[in-house]
Amino acid sequence: MQAKLLGVIVFFTIFSSLVAGSQGHISVVLLGATGDLAKKYLLQGFFQLYVDQIDNGHSFSFHGAALTPPEQGQTLMFEALKRLSCSPDVFPDRCALLKDQFLKLTRYWQLKTAEDYVSLNQDIESSLREKGLQEAGRLFYLSVPPFAYVDIAHHINSSCRPKPGAWLRVVLEKPFGHDHESAQQLAKELHTFFLEEEMYRVDHYLGKQVVAEILPFRQQNRQFLDPIWNRHNVERVEIVLKETLDAKGRTSFYEQYGVVRDVIQNHLTEILTCIAMEIPKNGSNSEEVLKNKLALVKLLQPLEKANAVIGQYQGYNDQVREELQKDEHHFSTTPTFAGVVVFIDSLRWEGVPFVLTSGKALDERVSYVRVLFKHQAFCVSRSSKCKPQQIIFHIGHGELQFPAVVVSQNLFKPILPEESWQEVTDFSSQHLYGQPLSEYYVYRPLKEQDAYTTLITNIYQGKKDAFITTQNLMASWHFWTPLLESLAQEVPRFYPGGTENRNLLDFVISGREVSFALEQHVEFMTSDQHSQADSYKTVRSIFRGSQLVTAWSETLVSMLAQDIEVAAEEAVKHSGVFHLALSGGSSPTALLQRLATHHYTFPWKHTHLWMVDERCVPLTNHESNFDSLYDKLLQHVRVPYLHIHPMPVHMNQRLCAEEDHGAEFYAKEISLLVKNTSFHMILLGVGTDGHTASIFPHTPEAMERDQLVVLTESPVKPHWRMSFSLHLINKAQKVAVLVLGKRKNDIVTLISRVEQEPQNWPITGVNPNTGQLVWYIDYEALFR
Ligand code: BG6
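Residues numbered from 1 in each chain as written. Predicted model: local features only at pLDDT ≥ 70, side-chain atom pairs only at ≥ 80, totals over all residues. Heavy atoms only, no water.

Note the following rule: UniProt positions are given in the numbering used here, feature names are shortened, and annotations may be inferred rather than shown by experiment.
Looking at an unreviewed UniProt entry, the protein carries the name GDH/6PGL endoplasmic bifunctional protein, with the source organism given as Microcaecilia unicolor. Quoted verbatim from the Pathway (unreviewed entry) field of UniProt, the annotation for the protein is "Carbohydrate degradation; pentose phosphate pathway."

In structure tokens, the structure reads:
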């Protein structure tokens, strides 16, 4: 004990005013005092509590605790304490004095072992004795990872309970389990140590000023709201939490939770209950509020997969692999975006969609609730009745830089408590939620306050309706768990992040279901839609409206080789011959090698090999596509000499001279040998600029319909090329586009979103007239 005391800083308990202590002493113990949440919000919140309550009769002592050894932990905590601030209405001298007093009331503890807790308890008790103070209560704030809860709870219960007559409040931070079962297990364990009324589960959104105002607002404006707060008048309710930040640095947490567990099951659901629950007769009675909240959650209609859309930002997988040291084959389907439509089984809300949306790496940071009313008037004149009618609880960020309650002027002028809210009237020409700001009544808090500061005051006051009870928590998990389970196998829609997302994540509600508004360019099939023969390593999907096969590159190349062999066998069976045209470039190399070394039954004897494009260099030059075809494939297989058709780029001792008509010559040869100039199969690649074959952006000649083979110019050396035209490519019976490697991710992302714009991205002009297009894109190119 003596040694322990030497390891900690001096502990003072002072009377901060004459009355302090007369109502008893409160000991606050913050576990996780060196953590981020403590540094950012909790220490400030407790300081504010101290400042606000200084004259209200309680005395305080603050104990910051962590696992960190005393010297180090103390330094860390006191560094954070130096940054405490006072609200603008406090004079600097007074602020300095308050900070000084607070620091003197605060000490750091290393709380690791059972003995550490016993020492803490002894210290609190002996200090109370010395000062002759009556104990009012003890507040333990657990800002620690949930796996530590049970252990800490055990120590608090066995060593740190106050004597009868004083209260114990234990504050817990989410996550409270990750589904119904785990939440129940955790709750059961906690209940072996604490009574329900002793536990305060935090949802920091309930501390946000605007969220905390929803219920009082509904109460105070009953005269206006009673007739319209129902299914006859409300079109829909949007509850939105959009973030620009991604999950970088937090993937170990995020991988287990995802967006639904992280913010929708808790923050957005809590907001939903504030909007939709029945107002209790006595709004200041916590029990009644909690009872009505619970009743509402129980009325939520069960969710199915079709009630949600999910997405994942494209950099997420890379971050997971890096931070969790996963190998390149690790593929996470954790959603970082979700839109869910919820319906309520009550007479008041039947059929009204409550749309809950949240995501990381979105285009803006904003959170709000928007209650949009139905247009019930048909206005022949320009009546204000036909303008949008909405009430917005603007929680934070976004265009409006302050939290606000916003009501369309054509609804009613709301009543808000004057002592804490002020009307804003000096508007810019800004628009908000589709209406000029000047068409709203806008109210902002007189004094902005952080959510944690509000919650800490609520804990101090024992105001339990701002916290999550065990029953409410279970009801919420009971509601969300089936959806989470049904989404577990779903591959989310990938989005690039930030403003690049454009309208990729917009979704539409039809009936009770939601779906993305933009046509799926990449759509994955769930595992039960895979054919039996598919390897589990391969995903078959839709890309730009055509079939997509995606896998790690090696698997993908072997699948393509297999598909080519199948196509060859079919063609030979039907017409005795197989016409295959191959592109140059690096991507097909592995494919050619695979065909040479693994496909011994390939009907090479009946196969004609053509070149999709060629560089204007001698065919024996190492830059020649034909040279690489020879090197990788031809020298290893037995294709009849006369079935090999290099492009005539080198005629009359010169390269691609127009007068030699090499392109026409090749076109003629194709017309003579290939029935209807329709190849059985053409293999293409995609360049990072969107070129395919040797058709580069802005090469109109390659887009013309009357030429089969053309001379083109490439922006990179060797500049001159000979190439199949788009017209010829689109006549093929099957076109396979092979795209491999991270380098191609940007172009894949881009072409997944544009329509047909061959002038800008020639690959988008590949659209076989009657044939089939199949994309073979590896995971790296698709997801980076
Ligand atoms: C937290 C989530 O609960 O809420 C975070 O774990 C999220 O992922 C945060 O970023 C959002 O809260 P706020 O207050 O920044 O809107």
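Structure shown, so let's carry the discussion forward.
1. Points about the domain arrangement of the protein
Rules: Where each domain starts and ends comes from a domain assignment, either automatic or drawn from a database.
For the protein, the assigned domains are domain 1 (25–173), domain 2 (206–378 + 385–516) and domain 3 (579–584 + 603–623 + 635–779). Using C-alpha coordinates to define each centre, domain 2 is positioned 52 Å away from domain 3.

2. Describing the site of the ligand
The criterion, for reference: When at least one non-hydrogen atom of a residue lies within 4 Å of a molecule or strand, that residue is treated as near it. Definition of a polar contact: a pair of N or O atoms within 3.5 Å, with one able to donate and the other able to accept a hydrogen when the atoms are protein atoms, and with sequence-neighbouring residues admitted only if both atoms are side-chain atoms. Computed with a 1.4 Å probe, the accessible areas rest on the Shrake-Rupley method; for each residue, only the protein chains presented here act as cover.
As a matter of local geometry, the ligand sits amid K174, H204, Y205, K208, E243, R250, D262, V263, H267, K360 and R365. With respect to the ligand, the side chain of D262 contributes an N or O atom lying 2.5 Å from an oxygen atom. Contact distances for the ligand include 3.1 Å between an oxygen atom and a side-chain N or O atom of R365. Across the complex, the protein chains shield 81% of the 390 Å² of accessible surface that the ligand would expose by itself.

3. Focus: the sheet that holds strand β13 (residues 404–408)
The strands making up a sheet are joined through hydrogen bonds of the backbone, oriented either antiparallel or parallel. The criterion, for reference: At least two DSSP bridges between two strands are needed for those strands to be called paired. Secondary structure follows DSSP: runs of H or I at least 4 residues long count as helices, runs of E at least 2 residues long count as strands, and numbering of each begins at the N terminus. Here the axes come from fitting lines to C-alpha atoms, over the contacting stretch only for helices, and the angles between their N-to-C directions go from 0 to 180 degrees. Any two residues whose heavy atoms approach within 4.5 Å are treated as being in contact.
Read across the open sheet, the 10 strands follow the order β14-β17-β13-β12-β11-β7-β10-β9-β8-β18; overall the sheet is mixed. Each edge of the sheet is formed by a strand with only one pairing partner; in this case those strands are β14 (421–424) and β18 (493–495). In this sheet, adjacent strand axes meet at a mean angle of 15° when their direction is disregarded. Examined bridge by bridge, β13 and strand β17 (residues 440–445) share four bridges and lie antiparallel to one another. Across the sheet, the residue bridging to V406 is V442, located in β17. The sheet strands contacting helix α10 (residues 251–276) are β7 (234–242), β9 (337–342), β10 (354–359), β11 (366–373) and β12 (390–397), and the helix crosses β10 at an angle near 145°.

4. What to know about the nonpolar core
It is characteristic of soluble globular proteins that their nonpolar side chains tend to be buried jointly. What counts here: Residues belong to a common nonpolar core when they are buried Ala, Val, Leu, Ile, Met, Phe, Trp, Tyr or Cys residues joined through side-chain atoms within 4.5 Å. Note on classification: 1.4 Å probe, protein chains only; a residue is buried when its accessible area is under 20% of the maximum for its type, exposed when over 50%, partly exposed between these limits.
Judged by nonpolar contacts, the single largest core of 114 residues is most densely connected at F354 and W480. Counting the residues that make up this core, at least three belong to each of domain 1 (25–173) and domain 2 (206–378 + 385–516). Once residues lying within four places of it in the same chain are set aside, the contact partners of W480 are V260, I264, Q265, T269, L303, V340, V342 and L356. Formed by 86 residues, the second largest nonpolar core is a distinct cluster that contains L582, V637, M681 and I747.

5. A few points about the side chain of T481
With respect to the secondary-structure elements, T481 resides in helix α14 (residues 470–487). In this structure T481 touches D179 and H180, once residues within four positions along its chain are discounted.

6. Digging into the environment of S694
Counting through the fold element by element, S694 comes out in the loop between β30 (681–684) and β31 (709–713). On the accessibility criterion, S694 (0% relative accessible area) is buried. A C-alpha to C-alpha distance of 58 Å links S694 and D203, two positions 491 residues apart in sequence. Not counting residues up to four positions away in its chain, the partners in contact with S694 are D613, T712, R721, M722 and S723. Here D613 takes part through its side chain, which lies 2.7 Å from a polar atom of the side chain of S694.

7. Points about the sheet that holds strand β32 (residues 720–724)
Strand order in the open sheet formed by three strands is β26-β32-β31, with antiparallel pairing between adjacent strands. The strands lining the two open edges of the sheet, one partner per strand, are β26 (613–615) and β31. The sheet shows a mean angle of 20° between the axes of neighbouring strands, taken without regard to direction. Examined bridge by bridge, β31 and β32 share five bridges and lie antiparallel to one another. Pairing of T712 across the sheet is with R721, part of β32. In this fold helix α18 (residues 662–673) packs onto β31 and β32, with an angle of close to 145° to the strand it touches most, β31.

8. Concerning the packing of aromatic side chains
Defined as follows: Each Phe, Tyr or Trp ring (for Trp, its six-membered ring) is paired with any other whose centre lies within 6.5 Å, and the angle between the two planes then decides the class: stacked below 30 degrees, edge-to-face above 60, tilted in between.
As enumerated under the stated definition, the model contains 35 aromatic pairs in all. On the numbers, 6.2 Å between centres and 75° between planes, the contact of W229 with W349 is edge-to-face. Taken together, the residues W229 in the loop between α9 (222–225) and β7 and W349 in the loop between β9 and β10 connect sequence positions 120 residues apart. Just as W229 is buried, W349 falls in that class too. Seen from their ring centres, F578 and F602 are 6.3 Å apart, and the 55° between their planes marks the pair as tilted. Linking F578 in strand β24 (residues 578–582) with F602 in the loop between α16 (587–598) and β25 (607–611), this pair joins segments that are 24 residues apart in sequence. For F602, a relative accessible area of 5% translates into the label buried.

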